[in-house]
Amino acid sequence: MSRPFTVGQETTHLVGDPECPECLEEYPEGCRCGGLIHAASGESDSEGDEVPITVCDQCGRAEEEAFSLEA
Ligand SMILES: [Zn+2]
Ligand SMILES: [Zn+2]
């Protein structure tokens, strides 16, 4: 029943699946909207650290946005 969902270059994340097989370890995480924040491996930043791409499957926010807003 799960719909596929795209995170970064990965098109096979599953909406609403708390054990999404495509997510990085420790994801998906619960979003403040009630959806799930999925994570895909992203690009390296200028210091060479890999920055995951995160997107909520309900509101579409990245993890930083979802948790930096006032409640
Ligand atoms: Zn996922
Ligand atoms: Zn959300």
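Residues numbered from 1 in each chain as written. Chains lettered and ligands numbered in written order. Predicted model: local features only at pLDDT ≥ 70, side-chain atom pairs only at ≥ 80, totals over all residues.

**Quick notes on the pairing of strand E1 (residues 4-7)**
- Only one face of E1 is covered, namely the one carrying Phe5 and Val7; the face carrying Pro4 and Thr6 has none of its residues buried.
- Both E1 and strand E2 (residues 10-14) contribute to a ladder of three bridges, which runs antiparallel. Bridge assignment links Pro4 to a residue of E2, and that residue is Leu14.
- Taking the residues that link successive antiparallel strands as the turn, the E1-E2 hairpin has two residues, and the phi of Gly8 there is positive, at about 60°. (Buried ≥ 20, exposed ≤ 12 C-beta atoms within 10 Å, placed from the backbone. Helix = DSSP H or I, 4+ residues; strand = E, 2+ residues; numbered from the N terminus. Pairing = 2+ DSSP bridges.)

**Thoughts on the environment of Ser44**
- Considering the arrangement of structural elements, one finds Ser44 in the loop between strand E4 (36-40) and strand E5 (53-56).
- Accessibility expressed as a C-beta count within 10 Å gives 10 for Ser44, which makes it exposed.
- For the pair Ser44 and Arg32, spaced 12 residues apart in the sequence, the C-alpha separation amounts to 27 Å.

**Here's the deal with the nonpolar core**
- Phe5, Val7, Leu14, Cys20, Cys23, Cys31, Leu36, Ile37, Ala39, Val55, Cys56 and Ala66 together form the largest nonpolar core, which totals 12 residues.
- Of all elements in the fold, only E1, E4 and E5 reach the threshold of two or more residues within this core.
- Sequence-distant contacts of Leu36, that is, excluding residues within four places in its chain, are made with Gly16, Pro18, Pro28, Glu29, Gly30, Cys31, Cys56 and Asp57. (Core = buried A, V, L, I, M, F, W, Y, C linked by C-beta atoms within 7 Å. Contact = placed C-beta atoms within 7 Å.)

Scope: geometric values only; no functional claims are made or implied.
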